[in-house]
Amino acid sequence: MKAELTTTSRSYRGLSQEERRADRRSRLVAAAIAVYGERGYHQATVKAVCEAAGLTERYFYESFPNSEALLIDSFNAVTYSVLGEITRAAHEAGRGRIARSRAMLHAYFSALQREPQSARVFLVEIRGVSRAVDQAFDAALRAIGREVARIVAAPGAPDDELLQAGVVGGVIHIALRWIDKGYAPDIDAVVDTALRLGAVLSAPARRRT
């Protein structure tokens, strides 16, 4: 009987306390992406995010110590969701490195155009908030660079972290300019532009003389 009462006290509508906490955290992250994307991080309050999530501020502080921690989680949620999309697109494109590069870029720009609020969190709101946020941004870019290079780099190419950073950063700046111009030119044209830069990663490494 005691075990039965303990189990009942720890579950609600079939969910454990841990599952409910995880659900609230996910709702806060989704709400933050929407609110930051609409208003901007600096114009958003904890109260606004909680209202969008349908939760009280008490539950915010259950999951996050401050707004920066929520911004980092929101950024990571967007970043790794997009990374999953471009990775799947690359695998579906076959074995050719250029075809994979084109597929990844098309998936990337499509995601930005399809989800402008998420794109704002990924590209704009993350910058210059604090050292901790900058470190999260840098860690994500490193992860993206390594994964992209793993998929498209020529066999035997060195693991050049500086080159990866340059290519990923360059593609991000192309995306920022494209969004600022109202998603013009069309997506195929912007993919072609970014592909010329991204092809650096798929080109065979030159021998040093």
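Look above for the structure.
Values in this document were obtained by computation on a predicted structure and should not be read as measured data. (Residues numbered from 1 in each chain as written. Predicted model: local features only at pLDDT ≥ 70, side-chain atom pairs only at ≥ 80, totals over all residues. Heavy atoms only, no water.)

Observations concerning the pattern of salt bridges
Oppositely charged side chains can pair when the atoms bearing their charge come close.
1) Next: Applying the stated criterion across every chain yields a total of 10 salt bridges.
2) Next: Here glutamate 85 ties to arginine 114 by a salt bridge, and the two come within 2.8 Å at their closest N and O atoms. Separated by 29 residues along the polypeptide, glutamate 85 in helix H5 (residues 67-92) and arginine 114 in helix H6 (residues 97-114) bring together distant segments of the chain.
3) Next: Between aspartate 138 and arginine 142 there is a salt bridge, and its shortest N-O distance comes to 2.8 Å. In this pair, aspartate 138 and arginine 142 both sit in helix H8 (residues 131-152), 4 residues apart, roughly one turn of the helix.
4) Next: Overlapping salt bridges bring together Arg21, Arg24 and Glu62 as one network. (Salt bridge = Lys/Arg side-chain N within 4 Å of Asp/Glu carboxyl O. Helix = DSSP H or I, 4+ residues; strand = E, 2+ residues; numbered from the N terminus.)

Structural notes on the side chain of arginine 24
1) Next: Inspection of the secondary structure assignment puts arginine 24 in helix H2 (residues 17-39).
2) Next: Judged by its relative accessible area of 13%, arginine 24 is buried.
3) Next: Within the structure, arginine 24 has its side chain in polar contact with the side chain of glutamate 62 (distance 2.8 Å).
4) Next: Residues within four places of arginine 24 in sequence aside, it is in contact with Leu55, Tyr59 and Glu62. (Buried < 20%, exposed > 50% of the residue type's maximum accessible area, 1.4 Å probe, protein only. Polar contact = N/O pair within 3.5 Å; in protein donor to acceptor, adjacent residues only side chain to side chain. Contact = heavy atoms within 4.5 Å.)

Here we look at unusual backbone geometry
1) Next: Residue proline 185 follows alanine 184 across a cis peptide bond; omega there is 0°.
2) Next: Positionally, proline 185 belongs in the loop between helix H9 (161-180) and helix H10 (187-202).

Quick look at the nonpolar core
1) Next: In this structure, Tyr36, Tyr108 and Phe109 are the most contacted members of the largest nonpolar core, which totals 62 residues.
2) Next: Secondary structure elements with two or more residues in this core: H2, helix H3 (46-53), H5, H6, helix H7 (116-125), H8, H9 and H10.
3) Next: Looking at this core element by element, the count peaks at 11 residues for H5. (Core = buried A, V, L, I, M, F, W, Y, C linked by side-chain atoms within 4.5 Å.)

What about the packing of aromatic side chains?
1) Next: Under the counting rule described, the total for this entry stands at 9 aromatic pairs.
2) Next: Residues phenylalanine 60 and phenylalanine 64 carry aromatic rings whose centres are separated by 5.8 Å and whose planes lie at 40° to one another, so their mutual orientation is tilted. Each of the two residues, phenylalanine 60 as well as phenylalanine 64, counts as buried.
3) Next: A centroid spacing of 5.1 Å and a plane angle of 65° characterise the contact between tyrosine 108 and phenylalanine 109, whose relative ring orientation is edge-to-face. Here the two residues tyrosine 108 and phenylalanine 109 agree in accessibility, since each one is buried.
4) Next: Three or more aromatic residues joined by ring pairs form one cluster here, namely Phe75, Tyr108, Phe109, Phe122, Phe137, Trp178 and Tyr183. (Phe/Tyr/Trp six-rings, centres within 6.5 Å; stacked < 30°, edge-to-face > 60°.)

Structural notes on the packing of H5 against H7
In a packed pair of helices, the relevant descriptors are the angle between the two axes and the axis-to-axis distance.
1) Next: At a minimum axis distance of 9 Å, the contact between H5 and H7 shows a crossing angle of 115°. Relative to H7, H5 is oriented so that their crossing is left-handed. For the pair H5 and H7, the contacting residues are Leu71, Ser74, Phe75, Val78 and Thr79 in the first and Ser118, Val121, Phe122 and Glu125 in the second.
2) Next: Within the contact of H5 with H7, the residues separate by chemical class into 5 nonpolar, 3 polar and 1 charged. (Axes fitted to C-alpha atoms, helices over the stretch in contact; angles between N-to-C directions. Left-handed = near helix turned anticlockwise from the far one by under 90°. Nonpolar A, V, L, I, M, F, W, Y, C, P; charged D, E, K, R; others polar.)

Description of H6
1) Next: With 18 residues, H6 should cover 26 Å at 1.5 Å per step; its first-to-last C-alpha distance of 25 Å lies within 8% of that length.
2) Next: Residues of H6 that are buried include every one of Arg100, Ser101, Ala103, Met104, Leu105, Ala107, Tyr108, Phe109, Ala111 and Leu112, and no others. (Expected span 1.5 Å × (residues − 1).)

Details of the environment of alanine 154
1) Next: Turning to its location among the elements, alanine 154 is positioned in the loop between H8 and H9.
2) Next: Overall, the relative accessible area of 7% leaves alanine 154 in the buried class.
3) Next: Spatially, the C-alpha atoms of alanine 154 and valine 200 are 10.0 Å apart, while their sequence positions differ by 46 residues.

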